[in-house]
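Read off the chains here:
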Amino acid sequence: MNPDEKEDCECAPPQAESSPAEGSQREYEEPEIENPEASRMKRAAAKHLIERYYHQLTEGCGSESCSNSWCASSVGFNRMDNNAAAVKALELYKGNAKLCDPHPSKKGTASAYLESSSAHSNSACSNRKMNHKDVHSVRDNFKDVNYLTEEKVYEILDICGEKEDYSPLIRVIGRVFSSAEGLVQSFRRPKPHTKEELKSLQGKDEDKDEDEKEAAACSATAMEEDSPASSSSSRLGEGSSGENDVQKLAPDEVSVDIEAVRRVYERLLSNEKIEAAFLNALVYLSPNVECDLTYHNVYSRDQNYLNLFVIVMENNNLHSPEYLEIALPQFCKAMSKLPLPALAKLARLWSHYGAEQIRRMVETFQQLITYKVISNEFNSRNLVNDDDAVVGATKCLKIVYYANVLGGDLDVEHNEEEDEEPIPESSELTLQELLGEERRNKKGPRVDPLETELGIRTNDCRRPLIPFEEFVNEPLNDVLEMDKDYTFFKVETENKFSFMTCPFILNAVTKNLGLYYDNRIRMYSERRITVLYSLVQGQQLNPYLRLKVRRDHIIDDALVRLEMIAMENPADLKKQLYVEFEGEQGVDEGGVSKEFFQLVVEEIFNPDIGMFTYDERTKLFWFNASSFENDGQYTLIGIVLGLAIYNNCILDVHFPMVVYRKLMGKKGTFRDLADANPVLHQSLNELMDYEGSVEEDMMITFQISQTDLFGNPLMYDLRENGDKIPVTNENRKEFVAQYAEYMLNKSVEKQFKAFRRGFHMVTNESPLKYLFRPEEIELLICGSRNLDFLALEETTEYDGGYNRDSRIIKEFWETLHSFGEEQKRLFLQFTTGTDRAPVGGLGKLKMIIAKNGPDTDRLPTSHTCFNVLLLPEYSTKEKLRERLLKAITYAKGFGML
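Residues numbered from 1 in each chain as written. Predicted model: local features only at pLDDT ≥ 70, side-chain atom pairs only at ≥ 80, totals over all residues. Heavy atoms only, no water.

So, on to the overall build of the protein. Across its full length, the protein holds 41 helices and 12 strands. Counting all 897 residues of the protein, 51% fall into the buried class. Considering only residue pairs separated by 6 or more positions, the protein has 75% of its internal contacts joining residues 24 or more positions apart. Of the roughly 43,400 Å² of accessible surface on the protein, a fraction of 48% belongs to carbon and sulfur atoms. (Helix = DSSP H or I, 4+ residues; strand = E, 2+ residues; numbered from the N terminus. Buried < 20%, exposed > 50% of the residue type's maximum accessible area, 1.4 Å probe, protein only. Contact = heavy atoms within 4.5 Å. Areas by Shrake-Rupley, 256 points an atom, 1.4 Å probe, with all protein chains shown as cover.)

This part is about the pattern of salt bridges. Pairing between side chains becomes possible if they bear opposite charge and their charged atoms approach one another. Under the criterion given, the structure shown has 39 salt bridges. A salt bridge links Asp460 to Arg457; the shortest N-O distance between them is 3.7 Å. Asp460 sits in the buried class, given a relative accessible area of 4%. A salt bridge links Asp615 to Arg617, with the nearest nitrogen and oxygen atoms 3.7 Å apart. A relative accessible area of 59% means that Arg617 is categorised as exposed. The structure contains a network of salt bridges with shared partners spanning Glu469, Lys511, Arg773, Glu775 and Glu776. (Salt bridge = Lys/Arg side-chain N within 4 Å of Asp/Glu carboxyl O.)

Among the structural elements, Ala754 can be located in helix H35 (residues 749-763). Overall, Ala754 belongs to the buried group, its relative accessible area being 7%. Setting aside anything within four residues of it in sequence, one finds Ala754 in contact with Asp631, Tyr634 and Thr635.

Side chains of Val531, Leu532, Leu535 and Val536 sit close together on the surface and give an oily, nonpolar patch of about 360 Å² of accessible area. Its location among the elements puts Val536 in helix H26 (residues 508-537). (Patch = residues over 30% accessible without salt bridge, like charges linked within 9 Å, V, L, I, M, F, W, Y side chains within 5 Å.)

Right, let's get into unusual backbone geometry. Residues other than glycine predominantly adopt negative phi, and peptide bonds predominantly adopt the trans conformation. One non-glycine residue with positive phi stands out, namely Lys619, at about 60 degrees. Locating Lys619 in the fold gives a position in the loop between strand S5 (612-615) and strand S6 (620-623). Notably, Asn721 is not glycine yet its phi reads approximately 55 degrees, a positive angle. A relative accessible area of 44% means that Asn721 is categorised as partly exposed.

A separate point is the state of the cysteines. A complete count under the given rule lists zero disulfides for this structure. Here Cys66 stays unpaired: no disulfide links it, and the sulfur of Cys100, its closest cysteine neighbor, is 3.6 Å away. Assessed through its relative accessible area of 12%, Cys66 is described here as buried. (Disulfide = S-S within 2.5 Å.)

The next point concerns helix H27 (residues 554-568). Over its 15 residues, H27 extends 21 Å from the first C-alpha to the last, a length consistent with the 21 Å expected when each residue adds 1.5 Å. Restricting attention to buried positions, one finds in H27 the residues Ile554, Ile555, Asp557, Ala558, Leu559, Leu562, Ile565 and Ala566. (Expected span 1.5 Å × (residues − 1).)

What follows is about the packing of aromatic side chains. With the rule as written, the count across this model stands at 36 aromatic pairs. Consider the rings of Phe735 and Tyr739, whose centres lie 5.7 Å apart with planes at 80 degrees: the pair is edge-to-face. Here the residue Phe735 and the residue Tyr739 both occupy positions in helix H34 (residues 732-746), the gap between them amounting to four residues, near one helical turn. The pair formed by Phe735 and Tyr739 is uniform in burial state, with each residue classed as buried. Both rings, one in Phe752 and one in Phe755, keep their centres 6.1 Å apart while their planes meet at 45 degrees; by these two values the pair is tilted. Here Phe752 pairs with Phe755, and both are found in helix H35, just three residues apart, close to one helical turn. The same class applies to Phe752 as to Phe755, namely buried. (Phe/Tyr/Trp six-rings, centres within 6.5 Å; stacked < 30°, edge-to-face > 60°.)

In the contact formed by helix H7 (residues 150-163) and helix H13 (residues 258-268), the axes pass within 10 Å of each other and the chain directions differ by 15 degrees. One way to sum up the angle between H7 and H13 is to call them roughly parallel. Here H7 and H13 pass one another in a crossing that is left-handed. Between H7 and H13, the residues in contact are Glu150, Val153, Tyr154, Leu157 and Asp158 and Ala260, Arg263, Val264, Arg267 and Leu268, respectively. Counted by class, the contact of H7 with H13 contains six nonpolar, no polar and four charged residues. (Axes fitted to C-alpha atoms, helices over the stretch in contact; angles between N-to-C directions. Parallel < 35°, antiparallel > 145°, perpendicular 65-115°, else oblique. Left-handed = near helix turned anticlockwise from the far one by under 90°. Nonpolar A, V, L, I, M, F, W, Y, C, P; charged D, E, K, R; others polar.)

As a further point, take the nonpolar core. A general tendency of soluble globular proteins is for nonpolar side chains to be buried together. Phe177, Trp350 and Phe596 are the most contacted members of the largest nonpolar core, which totals 187 residues. If one sorts the elements of this core by residue count, helix H21 (residues 388-406) sits on top with 12 residues. Excluding anything up to four places from it in sequence, Trp350 contacts Met313, Met335, Ile358, Met361, Ile399, Val400 and Ala403. Residues Leu816, Phe819, Ala837 and Ile888 belong to the second largest nonpolar core, which totals 27 residues. (Core = buried A, V, L, I, M, F, W, Y, C linked by side-chain atoms within 4.5 Å.)

What follows is the structure in structure tokens.
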């Protein structure tokens with residue numbers, strides 16, 4: 001054997017880059033050897049056996065049917081890191097454990113040298129030449145690939161395709177996608193270089209080519225390059241390259257070539273074996289990532305760490321059953337550990353994705369939540385709040401939710417101004433502080449930290465990329481223990497998660513229940529404070545907000561009393577409402593309040609009073625810009641609306657949606673005219689679309705005309721000297737915007753500010769704004785307009801001897817279903833105190849039908865406070881119909897039975 005051949009065979013990598021397996025085998029070097037050649041052969045054989053054990057533990061033999069428990073290819077094998085594998089390889093070598101025959105694709109590295117050694121015992125590499133085929137076989141294992149590019153993936157894929165053996169590619173994917181360092185460096189976007197950088201890179205490339213040739217000439221270096229030491233120089237946070245990259249990126253950019261990642265996934269995921277490699281790698285990757293984010297603060301050192309989340313989330317198969325059991329839950333838990341700036345950057349990045357990509361990610365997380373909910377039995381003892389997979393997926397879904405908002409049609413400019421005068425605090429505040437009852441929300445309602453970081457609000461979005469309803473998870477709502485969840489929401493502890501912090505996943509019924517708990521607890525708190533205050537000050541005990549009104553003078557009595565309370569002590573508005581009609585015996589357990597609100601609304605919205613105008617076309621009310629009523633009257637109406645929400649009462653009010661948007665802090669714009677004033681909206685749209693000369697053909701100016709209550713014209717200039725400024729094709733967009741601004745904001749500014757102030761007097765400390773969108777606020781106040789009496793029949797309960805199969809009950813439902821729409825509303829009014837369905841529809845209304853004696857001429861009666869219908873057992877269906885119709889048609893007032 002010539003010296004050159006010997007040097008090629010025995011070449012070793014630098015000592016600083018030795019692998020664990022090679023380093024460990026030095027223990028077996030014998031200190032005194034008589035025959036140097038035999039000693040060298042012995043060491044080489046031992047080294048190579050250890051290497052084979054090491055590769056068997058880290059990569060496997062490649063056989064799908066392997067039964068060796070110490071082989072990574074066997075079913076149920078627990079993966080270990082490189083250091084642990086090196087130690088275990090020594091133990092297996094000592095015990096002469098079973099060694100698998102390597103798959104043909106693996107024989108280029110670990111087995112090549114061993115086969116050569118075994119075949120020629122008198123020489124390590126006698127008469128053996130490294131021809132082109134051998135070099136190609138060595139490179140097929142791609143041990144030098146520690147990160148991936150699109151080109152490298154396609155190169156490996158082509159080579160594997162030629163051999164019809166994809167195990168090298170599977171090993172590369174397993175190695176890179178299970179390593180945070182490797183994945184962060186993969187699929188980088190190319191960036192321009194300076195001339196100096198290009199020269200430096202050219203020199204590095206030449207060195208790399210020489211290294212590759214040297215590696216191909218010696219099989220042992222494959223393991224060295226795969227060792228932890230070889231990748232230590234690329235550890236995250238070491239060096240400034242990552243930081244420099246981040247400084248050049250915009251807030252919504254990452255250094256990943258996302259389109260390249262998508263192309264790679266598209267080609268690889270069609271192969272089942274390759275797909276399994278992604279799955280296994282994710283299982284191994286996620287716990288390490290969670291540890292990095294939780295304890296090592298890795299994102300602050302290298303913001304490119306975000307790349308791995310971007311790459312993994314591009315996998316279109318994440319929602320498949322194989323991922324739902326272990327891989328995706330672990331990954332979601334890891335992603336939820338990202339710091340707030342990282343979450344915001346992900347949201348900004350994903351906001352540039354299309355609706356299809358957003359929907360795919362939503363479905364991925366929703367699939368996981370639903371799978372975990374239906375596969376576990378959650379109850380009051382086993383809370384869904386304690387399930388890491390559900391909580392992690394919900395937190396990840398929040399990122400996509402805000403990406404959906406950011407990517408939609410945003411309006412961040414038209415915001416209502418805050419009230420100039422702060423809402424007066426209660427005179428009891430000092431006492432509350434002394435008693436340790438200081439208000440939690442003195443600085444205003446809760447705001448989501450991610451919302452603050454992004455600088456947007458959900459209400460800024462006029463049209464999201466995908467509908468908000470797709471973020472609601474109904475199975476989760478069904479198992480959520482809302483009383484416990486509300487407690488976690490108020491306590492705000494780190495170890496207990498509340499789904500109320502992610503209100504987008506809750507339906508209106510669940511959120512309404514959370515609001516109900518909040519209102520009730522505040523009522524009880526005010527009641528307790530009042531009792532203590534009366535003990536300290538010796539004043540009369542008044543734990544309720546009592547209103548005693550005359551039915552014929554309900555507006556005068558109610559509004560005067562509320563005005564006095566609002567001026568003297570606004571905190572009393574947060575006490576439980578207790579209404580008493582003068583001369584009537586009804587005890588208010590909720591039903592009397594319902595009728596009170598209905599009567600007040602009927603009076604207030606009477607067009608004869610002149611506070612609101614009524615549009616016959618839209619059937620909607622709007623503020624009267626020329627009303628003679630003072631601001632106090634509108635403030636009191638706002639208080640009534642707030643009290644209805646606070647006391648869980650439904651009102652029969654008909655406002656356009658822009659009113660609820662304005663209550664939530666957004667001004668009305670041109671698009672809001674579509675439902676507030678559709679005729680005007682259509683006219684202005686035609687103006688915008690007109691193809692001729694607007695100035696010559698229409699001859700309109702920036703002065704508009706309105707009429708007051710008496711039909712007198714009122715002129716208003718949209719701009720200074722508007723009557724002299726013609727509307728042209730160039731400025732018509734400004735004219736339309738100014739027109740809408742006047743109609744929806746400026747013309748009713750005084751009236752609406754007073755109205756909003758009254759509303760906030762009651763709801764300023766409520767999580768109303770945090771939980772609900774404007775359209776949900778309307779549902780909360782007005783209830784559902786869809787009356788499904790079949791759903792009511794399904795949920796109704798029976799008492800006093802009646803059941804679902806009773807004759808009278810069957811005849812009752814047949815009679816009720818035969819009623820017309822108006823008669824059905826009268827029945828609801830008679831039984832529940834309101835003719836509107838609650839949030840969620842009539843199926844959420846718990847009505848009880850109780851037996852009220854045998855056949856009689858008496859009319860049916862009801863307890864509206866408890867939704868109870870007292871129904872005698874009438875002898876015939878005809879008598880039942882006649883008695884019931886008379887009862888619901890002429891019912892008015894309260895009495896004691």
